[in-house]
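# Structural characterization, general
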Amino acid sequence: MEITGITLICYLGGLGVKLSKLDNRWIPLLCGALGGLLGLAAMFAMPDFPASNLIDAAAVGIASGLAATGADQALRQLAD
């Protein structure tokens, strides 16, 4: 469940970039970086997080963050 939370938080971060004056091309980078940070935080805050070291925790978070951009694009493709 914690991975879904990371993805959702990163998705909301991406929406925030869309509403700001930042260029949309920064959304994947922001989502990946935010996901990495959240993955590291989750490793220490949640005993059942699926990573037991810093590299794996960051990788899980980055993949979850980038999944947020993929989910956004999938919804857009379906809407068209």
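Each chain carries its own residue numbering, running from 1 in the written order of its sequence. Thresholds applied to this predicted model are a pLDDT of at least 70 for local features of residues and 80 or more for the giving and counting of side-chain atom pairs; totals over whole chains, interfaces and linings are not thresholded and use all residues. Only hydrogens and water are set aside when side-chain values are computed; all heavy atoms of the structure are taken into account.

### Here's the deal with the overall build of the protein
A run of H or I in DSSP becomes a helix once it reaches four residues, and a run of E becomes a strand once it reaches two; helices and strands are each numbered from the N terminus. Along its length, the protein carries three helices and zero strands. Counting helices and strands in the order they occur from the N terminus, the protein gives α-α-α. Dimensions of the protein, computed from C-alpha atoms along their principal axes, come out at roughly 40 × 25 × 15 Å. Throughout this description, buried means an accessible area under 20% of the type-specific maximum (1.4 Å probe, protein chains only), exposed means over 50%, and partly exposed covers the range between. The buried share of the protein, taken over its 80 residues, is 31%. The long-range fraction of contacts in the protein, counting pairs at least 24 apart against all pairs at least 6 apart in sequence, stands at 59%. Working note: accessible area of the protein is about 5200 Å², and carbon and sulfur atoms make up 71% of it. In this tally Asp and Glu are treated as negative and Lys and Arg as positive; neither His nor the chain ends contributes. Think of each charge as sitting on NZ of Lys, CZ of Arg, CG of Asp or CD of Glu. Across the protein, the mean location of the 4 positive side-chain charges is 17 Å away from that of the 6 negative side-chain charges. What makes two residues a contact is simply this: any of their non-hydrogen atoms within 4.5 Å. Exposure was quantified through the Shrake-Rupley algorithm and a 1.4 Å probe, taking into account, for residues, occlusion by the shown protein chains and nothing else.

### Regarding the state of the cysteines
Covalent bonding between the sulfur atoms of two cysteines defines a disulfide. Defined by distance alone, a disulfide is two cysteine sulfur atoms within 2.5 Å. Applying the stated criterion across every chain yields a total of zero disulfides. No disulfide involves Cys10; its sulfur sits 5.5 Å from that of Cys31, the nearest cysteine. Assessed through its relative accessible area of 0%, Cys10 is described here as buried. For Cys31, a relative accessible area of 2% corresponds to the buried category.

### Observations regarding the packing of helix 2 (residues 27-45) against helix 3 (residues 54-79)
Contact geometry of helix 2 with helix 3 gives a least axis separation of 6 Å together with a crossing angle of 140°. Comparing their axes, helix 3 and helix 2 come out oblique. Read as a crossing pair, helix 2 and helix 3 show a hand that is right-handed. Contacts between helix 2 and helix 3 involve Ile27, Pro28, Cys31, Gly32, Gly35, Gly36, Gly39, Leu40, Met43 and Phe44 from the first element and Leu54, Ala57, Ala58, Gly61, Ile62, Gly65, Leu66 and Thr69 from the second. Throughout this entry, Asp, Glu, Lys and Arg are counted as charged residues, while Ala, Val, Leu, Ile, Met, Phe, Trp, Tyr, Cys and Pro are counted as nonpolar. The remaining residues, Gly among them, count as polar. Of the residues assigned to the contact of helix 2 with helix 3, the class counts are 11 nonpolar, seven polar and no charged. Helix axes use the C-alpha atoms of the stretch in contact, all axes being lines fitted to C-alpha atoms, and the angles between their N-to-C directions lie in the range 0 to 180 degrees. Any angle between 65 and 115 degrees counts as roughly perpendicular, while under 35 counts as roughly parallel, over 145 as roughly antiparallel, and the rest as oblique. Rotating anticlockwise by less than a right angle from the far helix to the near helix defines a left-handed crossing, while the corresponding clockwise rotation defines a right-handed one.

### With respect to helix 3
Taking 1.5 Å of rise per residue, 26 residues should cover 38 Å, and helix 3 covers 38 Å from first to last C-alpha, within 8% of that figure. Ala57, Ala58, Gly61, Ser64, Gly65, Ala68, Thr69 and Asp72 are the residues of helix 3 that are buried. The secondary structure elements touched by the buried residues of helix 3 are helix 1 (2-19) and helix 2. Here a polar contact is taken to be a pair of N or O atoms separated by no more than 3.5 Å, where protein atoms must pair a possible hydrogen donor with a possible acceptor and residues adjacent in sequence count only if both atoms sit in side chains. Measuring from the side-chain oxygen of the N-cap residue of helix 3 to the backbone nitrogen of Ile55 gives 3.2 Å; that N-cap residue is Asn53. Working rule for helices: expected span equals 1.5 Å times residues minus one.

### A look at the nonpolar core
If you look at the biggest cluster of nonpolar residues, it comprises 11 residues: Ile6, Cys10, Val17, Ile27, Cys31, Ala42, Met43, Phe49, Ala51, Ala57 and Ala68. Contributing elements (two or more residues each) for this core: helix 1, helix 2 and helix 3. At four residues, the largest contribution of residues to this core is made by helix 2. Residues in contact with Val17, not counting those within four places in the same chain, are Leu22, Asp23, Asn24, Ile27 and Leu30. Note on terminology: a nonpolar core comprises buried Ala, Val, Leu, Ile, Met, Phe, Trp, Tyr and Cys residues joined through side-chain atoms within 4.5 Å.

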